[in-house]
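# Topology and contacts: notes
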Amino acid sequence: MKLYIIGAGPGDPDLITVKGLMHLQEADVVLYADSLVNEELIAKAKPSAEVLKTAGMHLEEMVNVMADRIRQGKKVVRVHTGDPAVYGAIMEQMVLLKQHEIGVEIVPGVSSVFAAAAAAQAELTIPDLTQTVILTRAEGRTPVPEFEKLRDLANHHCTIALFLSATLTKKVIKELIDAGWSKETPVAVVYKASWPDQKIVRSTLEHLDEDMRTNGIRKQAMILAGWALDQNIHDKNYRSKLYDKTFTHGFRRGMKE
Ligand code: SAH
């Protein structure tokens with residue numbers, strides 16, 4: 001007895017995995033968060049499938065419905081936006097399902113962080129510039145643990161991807177500036193990455209708050225900050241060692257210059 005938890009991807013129905021789609025098409029019961037998952041994707045379920053929107057349900061209600069249908073021998077699929085592992089609140093479902101002696105199988109999805117990077121045509125890890133990406137959120141009503149304050153994370157001067165932070169840009173700017181980031185640091189905001197109404201806003205720490213306001217972006221936005229988002233990066237000639245002709249690695253012997 002198990003529940004299938006599948007990543008829907010960021011919005012474009014073609015960005016689900018082949019495996020995720022297969023489970024969705026086989027499902028007798030589909031649950032999804034209606035504000036975030038594309039209806040066009042849900043429409044790929046069998047016409048006979050029972051489709052339930054979860055936005056109005058609380059956790060116990062949702063788990064009870066899932067457990068009930070699974071016990072009836074039905075295939076139940078819970079569709080999560082992006083990848084279920086980041087801000088997906090799947091653990092609380094798994095804990096309750098376990099009490100019903102129901103396990104899960106999780107199928108990953110394309111997270112909005114990667115859809116946003118693709119839209120911005122960015123590489124988040126530029127050789128000699130940064131080799132690290134931090135996935136986090138600004139602290140709002142949901143507290144962030146003490147050792148994960150944005151200012152402390154920003155001390156690494158790596159690429160920072162901010163989920164759930166579109167209304168908290170003032171705070172984001174302050175924390176990054178306090179960590180010593182320059183006002184000119186590039187920021188790319190991608191609103192509704194991979195949806196037809198996707199919008200890309202190129203800004204800097206200095207202008208981020210105002211640019212978010214002018215563009216009316218208050219939700220469903222990924223904020224990517226750091227010099228890897230520099231639009232002029234092409235002129236700066238950062239090169240990966242992997243393709244450097246003097247670099248030897250497992251698959252290729254380097255040439256002596
Ligand atoms: N599990 C999801 C994240 C869920 S939390 C994932 O992997 O993408 C919801 C947050 O994700 C939003 O506040 C926003 O920051 C981001 N997000 C989700 N879909 C997005 C999209 N299509 N474009 C930009 N950001 C998105």
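Residues numbered from 1 in each chain as written. Predicted model: local features only at pLDDT ≥ 70, side-chain atom pairs only at ≥ 80, totals over all residues. Heavy atoms only, no water.

## Re the sheet that holds strand β3 (residues 50–53)
Here we have 5 strands laid out as an open sheet, ordered β3-β2-β4-β1-β5, and parallel in their pairing. Lying at the two open borders of the sheet, with one neighbouring strand each, are β3 and β5 (103–107). Ignoring which end each strand starts from, the neighbouring axes of this sheet average 20 degrees apart. Bridge count for strand β1 (residues 2–7) against β5 is 5 bridges, and the pairing is parallel. The residue bridging Lys2 from the neighbouring strand is Gly103, located in β5. Contacting β1, β2 (29–32), β4 (76–80) and β5, helix α1 (residues 18–26) runs over the sheet at an angle of about 130 degrees to β5. Each of β1, β2, β3 and β4 is contacted by helix α3 (residues 59–71), which is oriented at about 145 degrees to β4, the strand it contacts most. (Pairing = 2+ DSSP bridges. Helix = DSSP H or I, 4+ residues; strand = E, 2+ residues; numbered from the N terminus. Axes fitted to C-alpha atoms, helices over the stretch in contact; angles between N-to-C directions. Contact = heavy atoms within 4.5 Å.)

## A closer look at the sheet that holds strand β7 (residues 159–163)
Strand order across the open sheet formed by 5 strands is β6-β7-β10-β8-β9, with mixed pairing between neighbours. On the outer flanks of this sheet lie β6 (133–137) and β9 (199–204), each paired with one strand and no other. This sheet shows a mean twist of 20 degrees between the axes of neighbouring strands, independent of strand direction.

## Brief notes about the domain arrangement of the chain
One can read the domain layout of the chain as domain 1 (2–107) and domain 2 (112–235). Measuring from the centre of the C-alpha atoms in domain 1 to the corresponding centre in domain 2 gives 29 Å. With 11 residues of domain 1 at the contact, the number on the domain 2 side is 11 residues. Linking domain 1 with domain 2 are 0 salt bridges, by the criterion used here. (Domains from an automatic or database assignment. Salt bridge = Lys/Arg side-chain N within 4 Å of Asp/Glu carboxyl O.)

## Regarding the site of the ligand
The environment of the ligand is made up of 17 residues, and the closest members are Asp83, Val86, Ser112, Ala193 and Ala221. Separating an oxygen atom of the ligand from a side-chain N or O atom of Ser112 is a distance of 2.7 Å. For the ligand, an oxygen atom lies 3.0 Å from a polar atom in the backbone of Leu164. Protein contact buries 94% of the 540 Å² of open area that the ligand shows by itself. Among the cavities detected, the one that contains the ligand is the largest pocket. When the residues that make up the shell around the ligand are grouped by side-chain class, the tally is 10 nonpolar, 5 polar and 2 charged. (Near = heavy atom within 4 Å. Polar contact = N/O pair within 3.5 Å; in protein donor to acceptor, adjacent residues only side chain to side chain. Areas by Shrake-Rupley, 256 points an atom, 1.4 Å probe, with all protein chains shown as cover. 1 Å grid on protein atoms, 1.4 Å probe; cavity = no way out; pocket = protein on both sides within 12 Å on 5 of 7 lines; lining within 4 Å. Sits in = over half its atoms within 2 Å of the grid points. Nonpolar A, V, L, I, M, F, W, Y, C, P; charged D, E, K, R; others polar.)

## A look at α3
Taking 1.5 Å of rise per residue, the 13 residues of α3 would be expected to cover 18 Å, and the 18 Å separating its terminal C-alpha atoms lies within 8% of that figure. Those residues of α3 that sit buried are Met62, Val63, Val65, Met66, Ala67, Arg69 and Ile70. After α3 finishes, the residue Gly73 shows a positive phi value of roughly 85 degrees. (Expected span 1.5 Å × (residues − 1). Buried < 20%, exposed > 50% of the residue type's maximum accessible area, 1.4 Å probe, protein only.)

## Looking at the packing of aromatic side chains
Inspection of every chain in the model, using the stated rule, returns 1 aromatic pair. Seen from the ring of Tyr4, Lys75 lies directly overhead, with NZ or CZ sitting 4.2 Å from the centre. Directly above the ring of Trp195 sits Lys192, whose terminal nitrogen or CZ lies 4.4 Å from the centroid. (Phe/Tyr/Trp six-rings, centres within 6.5 Å; stacked < 30°, edge-to-face > 60°. Lys NZ or Arg CZ within 6 Å of the ring centre and 35° of its normal.)

## Thoughts on the layout of surface pockets
Each pocket or cavity is described by its volume, and for the largest pocket that value is around 1,200 Å³. Lining the largest pocket are 43 residues, with Leu36, Thr81, Tyr87, Leu164 and Gln220 positioned closest to its centre. Where the lining of the largest pocket is concerned, the elements lending two or more residues are α3, β4, α4 (91–99) and β10 (221–225). Looking at the lining of the largest pocket element by element, the count peaks at 3 residues for β4. Looking at side-chain class alone, the lining of the largest pocket contains 20 nonpolar, 15 polar and 8 charged residues. Counting contributing residues, the lining of the largest pocket receives three or more from each of domain 1 (2–107) and domain 2 (112–235). (Points joined across faces, edges and corners; volume = space filled by probe spheres on them.)

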